[in-house]
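# Structural overview
The residues making up each chain are set out below.
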Amino acid sequence: MAAPCGRFALLRKLSVPKTPSGCYKHTDTQLANSAVREKRSKMFEAEKQRQRSLIPRIEKMEVKFKGQVKDSTLIMNKNLSTPFHCAMHIDELLTTRSALALVDGQPWDMHRPLTHSCQLELLHFHDLDPTIVNEAFWRTCSFILGYVLETAFKDQHYVELCSFPKPNVRSGSFVYDADLKLPEWTPSSRELDILGRTGYKLFFKDLPFERLEVDASLAQKMFEDNRFKWAQVPSMAERSETGSKVTVYRMGDHVDITAGPLIARTGQLGRFAVTAFHNIQSSSYGPLTRVQGVALPVQLNMHYWTFDNILGRRAKKLNKAPVPQLTVSQSQQVRA
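Residues numbered from 1 in each chain as written. Predicted model: local features only at pLDDT ≥ 70, side-chain atom pairs only at ≥ 80, totals over all residues. Heavy atoms only, no water.

## Re the pairing of strand β13 (residues 269-282)
With ten of 14 residues buried, β13 is to be regarded as a mostly interior element. Pairing of β13 with strand β14 (residues 286-297) involves eleven bridges; the strand directions are antiparallel. Bridging across to β14, Leu269 finds its partner in Pro297. Hairpin connection from β13 to β14: three residues lie between these consecutive antiparallel strands. (Buried < 20%, exposed > 50% of the residue type's maximum accessible area, 1.4 Å probe, protein only. Helix = DSSP H or I, 4+ residues; strand = E, 2+ residues; numbered from the N terminus. Pairing = 2+ DSSP bridges.)

## Quick word on the nonpolar core
In this structure, Leu149, Phe272 and Phe277 are the most contacted members of the largest nonpolar core, which totals 46 residues. Broken down by secondary-structure element, the contributors of at least two residues to this core are β5 (100-103), α4 (131-152), β9 (174-179), α5 (189-200), β11 (245-251), β13, β14 and α9 (304-316). The greatest single-element share of this core, amounting to twelve residues, is contributed by α4. By size, the runner-up hydrophobic cluster in this structure holds 18 residues, among which are Phe65, Cys86, Leu114 and Leu122. (Core = buried A, V, L, I, M, F, W, Y, C linked by side-chain atoms within 4.5 Å.)

## Observations regarding empty space enclosed by the protein
Enumeration according to the criterion identifies three cavities of 30 Å³ or more in this entry. By volume, the largest cavity amounts to about 90 Å³. Forming the walls of the largest cavity are 14 residues, and the residues nearest its centre are Pro165, Lys166, Pro167, Asn168 and Ser173. The set of elements that each furnish at least two residues to the lining of the largest cavity consists of α4 and β9. Taken together, the residues that form the lining of the largest cavity break down as seven nonpolar, five polar and two charged. (1 Å grid on protein atoms, 1.4 Å probe; cavity = no way out; pocket = protein on both sides within 12 Å on 5 of 7 lines; lining within 4 Å. Points joined across faces, edges and corners; volume = space filled by probe spheres on them. Nonpolar A, V, L, I, M, F, W, Y, C, P; charged D, E, K, R; others polar.)

## A look at the sheet that holds strand β7 (residues 118-123)
Read across the open sheet, the five strands follow the order β4-β3-β7-β5-β6; overall the sheet is mixed. Of all strands in the sheet, those bounded by a partner on one side alone are β4 (72-77) and β6 (106-108). Looking at each pair of strands side by side, their axes are set apart by 35° on average, direction ignored. Two elements, strand β3 (residues 60-65) and β7, share three bridges in a ladder whose sense is parallel. Paired with Lys64 across the two strands is Gln119, which belongs to β7. The sheet strands contacting helix α2 (residues 83-90) are β3, β4, β5, β6 and β7, and the helix crosses β4 at an angle near 130°. Contacting β5, β6 and β7, α4 runs over the sheet at an angle of about 130° to β5. (Axes fitted to C-alpha atoms, helices over the stretch in contact; angles between N-to-C directions. Contact = heavy atoms within 4.5 Å.)

## Topic: the layout of surface pockets
Each pocket or cavity is described by its volume, and for the second largest pocket that value is around 740 Å³. Residue lining of the second largest pocket: 23 residues in total, with Gln51, Asn79, Pro113, Arg211 and Leu212 positioned closest to the centre. Those elements that provide at least two residues to the lining of the second largest pocket are α1 (33-53), α2 and β10 (210-215). Per-element accounting of the lining of the second largest pocket gives the leading share, six residues, to α1. Considered class by class, the residues forming the lining of the second largest pocket number eight nonpolar, six polar and nine charged.

## A closer look at the sheet that holds β10
The strand order β10-β11-β12 describes an open sheet built from three strands, whose pairing is antiparallel. Whereas interior strands pair on both sides, the edge strands pair on one side only; in this sheet they are β10 and β12 (254-257). The mean inter-strand angle of the sheet, taken between neighbouring strand axes irrespective of direction, is 30°. For β11 and β12, the ladder comprises four bridges, and the chain directions are antiparallel. Within the sheet, the bridge partner assigned to Val248 lies in β12 and is Ile257. Contacts from α1 reach β10, β11 and β12, with the element oriented near 80° to β10.

## Section: the packing of α1 against α4
Where α1 meets α4, the closest approach of the two axes is 9 Å, and the angle between their N-to-C directions is 130°. Judged by the angle between their axes, α1 and α4 are oblique. Contact with α1, carried on its side by Asn33, Arg37 and Arg40, involves Tyr147, Glu150 and Thr151 of α4 and no other residues of that element. Considered class by class, the residues forming the contact of α1 with α4 number one nonpolar, two polar and three charged. (Parallel < 35°, antiparallel > 145°, perpendicular 65-115°, else oblique.)

## Remarks on a nonpolar patch on the surface
Among the surface-exposed residues, Tyr304, Trp305 and Ile310 lie close enough to one another that they form a single nonpolar patch of about 360 Å² accessible area. With respect to the secondary-structure elements, Trp305 resides in helix α9. With relative accessibility at 48%, the residue Trp305 sits in the partly exposed group. (Patch = residues over 30% accessible without salt bridge, like charges linked within 9 Å, V, L, I, M, F, W, Y side chains within 5 Å. Areas by Shrake-Rupley, 256 points an atom, 1.4 Å probe, with all protein chains shown as cover. Salt bridge = Lys/Arg side-chain N within 4 Å of Asp/Glu carboxyl O.)

## Re the packing of aromatic side chains
Going through the model one piece at a time under the given rule, you end up with eleven aromatic pairs. Measuring from centroid to centroid gives 6.3 Å for Tyr200 and Phe203, while their planes differ by 5°, and the two rings are stacked. By relative accessible area, Phe203 is classed as partly exposed at 25%. Taking the centre distance of 5.0 Å and the plane angle of 80° together, the rings of Phe203 and Phe204 count as edge-to-face. Counting every residue linked through ring pairs, the aromatic cluster contains Trp138, Phe174 and Phe272. Taking NZ or CZ as reference, Arg112 lies 3.7 Å from the ring centre of Trp108, over its face. (Phe/Tyr/Trp six-rings, centres within 6.5 Å; stacked < 30°, edge-to-face > 60°. Lys NZ or Arg CZ within 6 Å of the ring centre and 35° of its normal.)

Everything listed here is a matter of geometry and, on its own, says nothing about what the molecule does.
Set out below in structure tokens:
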């Protein structure tokens, strides 16, 4: 049943009762999601500008575009030009429909700078084999779900995101595991609908997903207000190619950790629904809430009845993805 104080205030802010345990604190000052989000975004921007300043001079590179209709060769700026910039030079249609790129056969974010001369392909949701794009979309939806959870509640109620599992489209739902500090709260159908609308409205903002690799020390400073992510950073850095880097993404002012890749922009998001909250138990992190949802890209059309009554109902069932754990052998556990 819904919590008795579970009313929605202005600006889609959920009003929920405080729990006896209160909010988790790293300092004596109570944390607020909005302040923490602002801090992370500023740190992301500062590091982005610092890395850009390290590019000594503009070097040219050759990008061989492999298209469905015709191929072309572009001369672009090394470490500055992105697949999106290449699409702008080729065809305006590619800038709106391309969700992901392949660079020398490897998945690559549309807004990630190219680092060397390469062969480029642009992928969309109507490709003959959309597997890679679908996985990126599902992963992006988990990322967006984290944004929804951090922005839906009033500031005095601090939400700590934990992690989300590797995308599995066949499971029927995307997931984010988090500490909502609301063990007794079950959202009503109306509240689920409002949470879903919070995610869907990102379509109209058409925000890009920005990728950045940062040192583990900076990542821990970014997420020092989240006990889960702060603890996860060292093992994530160890698994990186350099052994010391962590990949973070930004959408608007929302910054989170994920290896990616993600789709190009929130304008490629079509239907988005939050479908279920399930209580789960982690031996490392304690009680968590598994929040689930289902979505469709804007390029794929589906009747609302089919989406709500078939996909939506399926997405309510508990997703059997592994429960997040933090152990010595965490490197053996595949997390997004």
